[in-house]
Amino acid sequence: MDLGAITKYSALHAKPNGLILQYGTAGFRTKAEHLDHVMFRMGLLAVLRSKQTKSTIGVMVTASHNPEEDNGVKLVDPLGEMLAPSWEEHATCLANAEEQDMQRVLIDISEKEAVNLQQDAFVVIGRDTRPSSEKLSQSVIDGVTVLGGQFHDYGLLTTPQLHYMVYCRNTGGRYGKATIEGYYQKLSKAFVELTKQASCSGDEYRSLKVDCANGIGALKLREMEHYFSQGLSVQLFNDGSKGKLNHLCGADFVKSHQKPPQGMEIKSNERCCSFDGDADRIVYYYHDADGHFHLIDGDKIATLISSFLKELLVEIGESLNIGVVQTAYANGSSTRYLEEVMKVPVYCTKTGVKHLHHKAQEFDIGVYFEANGHGTALFSTAVEMKIKQSAEQLEDKKRKAAKMLENIIDLFNQAAGDAISDMLVIEAILALKGLTVQQWDALYTDLPNRQLKVQVADRRVISTTDAERQAVTPPGLQEAINDLVKKYKLSRAFVRPSGTEDVVRVYAEADSQVSWDSSIEKEPNIR
Ligand SMILES: CC(=O)N[C@H]1[C@@H](OP(=O)(O)O)O[C@H](CO)[C@@H](O)[C@@H]1O
Ligand SMILES: [Mg+2]
């Protein structure tokens, strides 16, 4: 470690005095102008993590669905997954160290984690379309270089594409080719194979309107569309040519306001979807003949996917264990439908995809989605091998189902939830099953629900247990919630401090909107 050079370069990326940031649910996120030092230091940290794991590490510069003025950074671990928790702590320490303490913190981390400093390091970098992203990713590169790491800068990428690149590079190409072309080809090949088998391939199934949140998803989908145009034609809206990133559009806006994005004209019964700013979330929606808006969120996506996978397994004659992983924000109707109608076991974890991803790895096939549309499906290596064999050996109908499953496995991004990949999976399933968006929506009816943010002096006074469904502190809070909830049918409510914003989130659902609204009216402090 050339400590002299580190000190010299660090001074060029000086930390603003007194600024304290936390590596949260999705890395560091704040106003872009406060992040230069964090980027440089995350470049340093990525090199140490790469040396320790003897693997390629990813650094993604994005603030996802946050406003355009914000930015952020997160590290991607060797198998494309989120950074290990102990390294999140190192990231926080390093980002908050004053200039004169930087060297000591770096040495501390190296010693604690037994990093062999002689080991080579390789870091891959991606960024979203924010105006601040290019300069900030250059600061990451400065950090990587000063610690002697090698790097590849992919430039503009969606977050899940960067996760894919990391996964490919660390699995010797078995997962796919670590190029943007490799990503497009792997997914499109699987998608086109699948849609060829669809008997109902009328126009209704072939076109989709996509709101790209004025973000990176638009660029990448435009590059990719000709690879899969045989199976689907996409019409892009909010493609960044005029509007502001995430402003009145995108998956987060549509989900939280439960209304369509601006800048998209929707005719009745047309199938539409929205990506978020870094294209790792997707939600679907449509207007019915009476002009009512219907949202199809992550819960319904998980239901569609897991029921399709289950049907394929039955056809192949394999009994593998499928599990669905949700968070407390999953609509009660979805959980009931999955457990009681589909007979699929459902598990609830804390908010944040790393928790869901981790739980989903316990199953032969683990499907996980947050209600806001971030999710994917994971297949164990043993399952992948078994299905490959079945696709070659079985006869006729069974073989066809195994082949379909093989393609579906290829179509998922198993490194991270991915709006483009999920969109193609959903489109393939709808076409194969001959389902319209209304039929999909009608699988079950969501319980009316609302989610609010409340600003408090110190959100950390609220602590929770039972996958964040019960408040432990402050005393009396849970009892007060219980008293309210028991007055309404099928009702459920919880509060938790956000991991990404300085707010407390309040969620409630009940059998009818009237019940929900009247419960809130009696609580004027919650708005
Ligand atoms: C209710 C909700 O949507 N929470 C989001 C949000 O986390 P909070 O800890 O609730 O701020 O941001 C996370 C990162 O993007 C995402 O994983 C999560 O689902
Ligand atoms: Mg995102």
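If you check an unreviewed UniProt entry, the protein chain appears there as Phosphoacetylglucosamine mutase from Homo sapiens. Quoted verbatim from the Sequence similarities (unreviewed entry) field of the UniProt record, the comment on the protein chain reads "Belongs to the phosphohexose mutase family." What UniProt records for the protein chain under Pathway (unreviewed entry) is the sentence "Nucleotide-sugar biosynthesis; UDP-N-acetyl-alpha-D-glucosamine biosynthesis; N-acetyl-alpha-D-glucosamine 1-phosphate from alpha-D-glucosamine 6-phosphate (route I): step 2/2."

Colleague: Account for the coordination of the magnesium ion (ligand 2), with residues named and values stated.
Modeller: Only Ser64 (OG), Asp276 (OD), Asp278 (OD) and Asp280 (OD) from the protein coordinate the magnesium ion (ligand 2), and they sit 2.1 to 2.2 Å from it. Counting residues between consecutive donors of the magnesium ion (ligand 2) along the chain gives the motif S-x211-D-x1-D-x1-D. Separated by 212 residues along the polypeptide, Ser64 in the loop between strand 2 (56-61) and strand 3 (70-76) and Asp276 in the loop between strand 8 (272-275) and strand 9 (282-287) bring together distant segments of the chain. Overall, Ser64 belongs to the buried group, its relative accessible area being 3%. For Asp276, a relative accessible area of 0% translates into the label buried.

Colleague: I'd love a proper account of the UniProt feature "binding site: Mg(2+)" (unreviewed entry) in the protein chain, names of residues and values included.
Modeller: Per the UniProt annotation, the sites labelled "binding site: Mg(2+)" (unreviewed entry) are Ser64, Asp276, Asp278 and Asp280. These annotated residues cover 217 residues of sequence, and their C-alpha atoms lie no more than 8.2 Å from one another, placing them together at a single site. Here Asp278 falls in the buried class, since its relative accessible area comes to 2%. Polar side-chain contacts of Asp278 include one of 3.1 Å to the side chain of Ser64.

Colleague: I'd like to hear about the pairing of strand 17 (residues 470-473), residue by residue, with values.
Modeller: Alignment of strand 16 (residues 463-465) against strand 17, held across three bridges, turns out to be antiparallel. What sits directly across from Thr464, in strand 17, is Ala471. As consecutive antiparallel partners, strand 16 and strand 17 are separated by four residues, and within that stretch Asp466 has a phi angle of approximately 55 degrees, a positive value.

Colleague: How would you explain the state of the cysteines if you had to name every residue and give the values?
Modeller: Here the structure, examined in full by the defined rule, presents zero disulfides. Left without a disulfide partner, Cys212 is nearest to the cysteine sulfur of Cys273, which lies 7.8 Å away. The class of Cys212 is buried, set by a relative accessible area of 0%.

Colleague: Residue-level account of empty space enclosed by the protein, with values.
Modeller: The full count for this structure, using the stated rule, is two cavities of 30 Å³ or more. Its volume calculated, the largest cavity comes out at about 50 Å³. Looking at the largest cavity, the residues that line it are Tyr23, Thr25, Ala26, Gly27, Lys74, Leu75, Met82, Leu83, Glu88 and Lys354. Residue composition of the lining of the largest cavity, grouped by class: five nonpolar, two polar and three charged.

Colleague: I'd like a description of the packing of aromatic side chains, backed by residues and values.
Modeller: Overall, the coordinates contain 15 aromatic pairs when judged by the stated rule. For the ring pair Tyr285 and Phe293, a centre distance of 5.6 Å and an interplane angle of 40 degrees mean the geometry is tilted. According to the relative accessible area criterion, Tyr285 is buried, its value standing at 0%. Taking 5.9 Å as the distance between ring centres and 45 degrees as the angle between the ring planes, the aromatic pair formed by Phe379 and Phe412 counts as tilted. Taken together, the residues span a long stretch of sequence, with Phe379 in strand 14 (residues 375-379) and Phe412 in the loop between helix 15 (396-411) and helix 16 (419-433) at a distance of 33 residues. Above the face of the Tyr175 ring, Lys186 is positioned so that its terminal group lies 3.5 Å from the ring centre. Lying across the ring of Tyr444, Lys300 places its NZ or CZ 4.5 Å from the centre.

Colleague: Could you give me a rundown of the sheet that holds strand 15 (residues 449-454), with the residues and numbers involved?
Modeller: If you trace the three strands from one edge of the open sheet to the other, you get 15-19-18, paired in antiparallel fashion. A strand with exactly one partner marks an edge of an open sheet, and here the two such strands are strand 15 and strand 18 (492-497). Within this sheet the neighbouring strands show an average axis-to-axis angle of 15 degrees, counted without direction. With six bridges joining them, strand 18 and strand 19 (residues 504-509) adopt antiparallel strand pairing. Within strand 19, the position partnered with Arg492 by the bridge is Glu509.

Colleague: Quick one: what's the story with the side chain of Asp278, residue by residue and with numbers?
Modeller: Within the element layout of this structure, Asp278 appears in the loop between strand 8 and strand 9. Here Asp278 sits buried without a salt bridge, and the closest side chain of opposite charge, Lys74, lies 5.1 Å off (N-O distance). In terms of polar contacts, Asp278 uses its side chain to reach the side chain of Thr159, at 2.6 Å.

What counts, and where the lines are drawn
Residues numbered from 1 in each chain as written. Chains lettered and ligands numbered in written order. Predicted model: local features only at pLDDT ≥ 70, side-chain atom pairs only at ≥ 80, totals over all residues. Heavy atoms only, no water. UniProt positions renumbered as here; feature names shortened; annotations may be inferred. Donors = N, O, S within 2.8 Å, 3.2 Å for Na, K, Ca; no water. Helix = DSSP H or I, 4+ residues; strand = E, 2+ residues; numbered from the N terminus. Buried < 20%, exposed > 50% of the residue type's maximum accessible area, 1.4 Å probe, protein only. Polar contact = N/O pair within 3.5 Å; in protein donor to acceptor, adjacent residues only side chain to side chain. Pairing = 2+ DSSP bridges. Disulfide = S-S within 2.5 Å. 1 Å grid on protein atoms, 1.4 Å probe; cavity = no way out; pocket = protein on both sides within 12 Å on 5 of 7 lines; lining within 4 Å. Points joined across faces, edges and corners; volume = space filled by probe spheres on them. Nonpolar A, V, L, I, M, F, W, Y, C, P; charged D, E, K, R; others polar. Phe/Tyr/Trp six-rings, centres within 6.5 Å; stacked < 30°, edge-to-face > 60°. Lys NZ or Arg CZ within 6 Å of the ring centre and 35° of its normal. Axes fitted to C-alpha atoms, helices over the stretch in contact; angles between N-to-C directions. Lys, Arg positive; Asp, Glu negative; His and termini not counted. Salt bridge = Lys/Arg side-chain N within 4 Å of Asp/Glu carboxyl O.

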